[in-house]
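Listed below are the residues making up each chain.
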Amino acid sequence: MTRYRYFTASTLDGFLADDEHSLAWLFKHDIDENGPGSTAAFLVDVGAQVMGSSTYMWVLEHDREWLPEIPTFVFTHRSLEAANEHVSFVSGDPADHRGHLESAADGRDVWVMGGGGIAAEFAGAGMLDEVVVSIAPVTLGSGKPLFGGAFDLELNGCERNRDFMVARYDVKGPLTSP
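Residues numbered from 1 in each chain as written. Predicted model: local features only at pLDDT ≥ 70, side-chain atom pairs only at ≥ 80, totals over all residues. Heavy atoms only, no water.

Details of the overall build of the protein
For step 1, the next point in the chain: Secondary structure assignment for the protein yields five helices and ten strands.
For step 2, the next point in the chain: What you see for the protein is a C-alpha radius of gyration of 16 Å, in line with the 16 Å of a compact globule of 178 residues.
For step 3, the next point in the chain: Overall, the protein is about 45 × 35 × 30 Å in size when its C-alpha atoms are taken along their principal axes.
For step 4, the next point in the chain: Accessible surface, the protein as shown: approximately 9200 Å² in total, 50% of it carbon and sulfur.
For step 5, the next point in the chain: Across the protein, the centroid of the 12 positively charged side chains sits 3 Å from that of the 27 negatively charged ones. (Helix = DSSP H or I, 4+ residues; strand = E, 2+ residues; numbered from the N terminus. Rg over C-alpha atoms; globule rule 2.2 N^0.38 Å. Areas by Shrake-Rupley, 256 points an atom, 1.4 Å probe, with all protein chains shown as cover. Lys, Arg positive; Asp, Glu negative; His and termini not counted. Charge placed at Lys NZ, Arg CZ, Asp CG, Glu CD.)

Below, the structure written as structure tokens:
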């Protein structure tokens with residue numbers, strides 16, 4: 001069964017990038033690329049990925065070759081250039097594309113990557129099962145938030161990878177009052 005998993009890194013105060021979209025804070029901290037929470041280990045279970053246009057543009061500007069060779073769906077209203085034959089552009093609500101995403105993933109997981117806005121859209125559509133976040137020992141004070149919206153999560157595990165704490169959460173649903 002296809003799971004939708006938001007796999008990302010964040011500062012301790014909950015930001016993915018600073019106000020200028022920089023990830024410089026991320027690359028100055030020590031992580032074992034083969035340790036807990038590694039991208040390579042995560043990708044073993046992934047059959048497709050989704051991202052917003054801001055994340056896609058950042059990848060194109062900084063490391064175009066990084067895009068995994070799996071079906072990649074970019075949610076956007078802009079006219080953008082495909083980096084390779086695996087990239088498709090879609091718009092609208094995630095639920096409108098559920099069948100196509102799961103077909104492309106071929107029984108494997110869908111990686112919801114990039115910004116907290118798209119992760120919240122998938123969660124709001126009932127299409128986010130897990131959040132995996134590597135938390136760096138740094139605070140920014142402001143920037144691009146880890147997650148947009150109010151959702152209830154349940155911690156199902158955590159590990160240390162050198163400077164990072166890797167936390168795994170199940171998405172329970174929208175945050176409701178007791």
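Observations regarding the side chain of glutamate 130
For step 1, the next point in the chain: One can find glutamate 130 in strand S7 (residues 130-136).
For step 2, the next point in the chain: At 2.6 Å, the side chain of glutamate 130 forms a polar contact with the side chain of arginine 5.
For step 3, the next point in the chain: Not counting the four nearest positions on each side in its chain, glutamate 130 is found in contact with Arg3, Tyr4, Arg5, Tyr6, Asn156, Arg168, Tyr169 and Val171. (Polar contact = N/O pair within 3.5 Å; in protein donor to acceptor, adjacent residues only side chain to side chain. Contact = heavy atoms within 4.5 Å.)

Re the nonpolar core
Within soluble globular proteins, side chains that are nonpolar generally end up buried alongside one another.
For step 1, the next point in the chain: With 26 residues, the main nonpolar core has Tyr4, Tyr6, Val50, Leu101, Val112, Phe122 and Leu128 as its most contacted residues.
For step 2, the next point in the chain: Within the residue set of this core, elements represented by two or more residues are strand S1 (4-11), strand S3 (46-52), strand S4 (72-75), helix H4 (98-105), strand S6 (109-112), helix H5 (116-124), S7 and strand S10 (164-174).
For step 3, the next point in the chain: A total of five residues in this core trace back to one element, the largest contributor, which is H5.
For step 4, the next point in the chain: Those residues within four positions of phenylalanine 122 in sequence are excluded, and the remaining contacts are Tyr4, Val50, Phe75, Pro94, Leu101, Val112, Met127 and Leu128. (Core = buried A, V, L, I, M, F, W, Y, C linked by side-chain atoms within 4.5 Å. Buried < 20%, exposed > 50% of the residue type's maximum accessible area, 1.4 Å probe, protein only.)

Side note on the layout of surface pockets
For step 1, the next point in the chain: Its boundaries defined by the atoms lining it, the largest pocket holds a volume of some 1400 Å³.
For step 2, the next point in the chain: Forming the walls of the largest pocket are 46 residues, and the residues nearest its centre are Leu23, Thr55, Trp58, Met113 and Gly114.
For step 3, the next point in the chain: Contributions of two or more residues to the lining of the largest pocket are made by S1, strand S2 (15-17), helix H1 (24-27), helix H3 (53-63), H5 and strand S8 (144-145).
For step 4, the next point in the chain: Residue composition of the lining of the largest pocket, grouped by class: 19 nonpolar, 20 polar and seven charged. (1 Å grid on protein atoms, 1.4 Å probe; cavity = no way out; pocket = protein on both sides within 12 Å on 5 of 7 lines; lining within 4 Å. Points joined across faces, edges and corners; volume = space filled by probe spheres on them. Nonpolar A, V, L, I, M, F, W, Y, C, P; charged D, E, K, R; others polar.)

Brief notes about the environment of threonine 139
For step 1, the next point in the chain: With respect to the secondary-structure elements, threonine 139 resides in the loop between S7 and S8.
For step 2, the next point in the chain: Using a relative accessible area of 52% as the deciding quantity, one classes threonine 139 as exposed.
For step 3, the next point in the chain: For the pair threonine 139 and histidine 77, spaced 62 residues apart in the sequence, the C-alpha separation amounts to 32 Å.
For step 4, the next point in the chain: For threonine 139, the contacting residues outside a window of four places in its chain are Thr11, Leu12 and Asp13.

Describing the packing of aromatic side chains
For step 1, the next point in the chain: Inspection of every chain in the model, using the stated rule, returns nine aromatic pairs.
For step 2, the next point in the chain: When the centroid spacing of 6.0 Å and the interplanar angle of 55 degrees are considered together, the rings of tyrosine 6 and phenylalanine 147 count as tilted. Separated by 141 residues along the polypeptide, tyrosine 6 in strand S1 and phenylalanine 147 in the loop between S8 and strand S9 (151-161) bring together distant segments of the chain.
For step 3, the next point in the chain: Looking at tyrosine 6, the relative accessible area reads 0%, which means it is buried.
For step 4, the next point in the chain: Between phenylalanine 7 and tryptophan 111, the ring centres sit 5.7 Å apart and the planes meet at 80 degrees, which makes this aromatic pair edge-to-face. (Phe/Tyr/Trp six-rings, centres within 6.5 Å; stacked < 30°, edge-to-face > 60°.)

Details of the UniProt feature "domain: Bacterial bifunctional deaminase-reductase C-terminal" (unreviewed entry) in the protein
For step 1, the next point in the chain: Here, the residues flagged by UniProt with the feature "domain: Bacterial bifunctional deaminase-reductase C-terminal" (unreviewed entry) are residues 94-150.
For step 2, the next point in the chain: Overall, residues 94-150 shows 30% helix and 23% strand. The separation of its end C-alpha atoms is 18 Å. (UniProt positions renumbered as here; feature names shortened; annotations may be inferred.)

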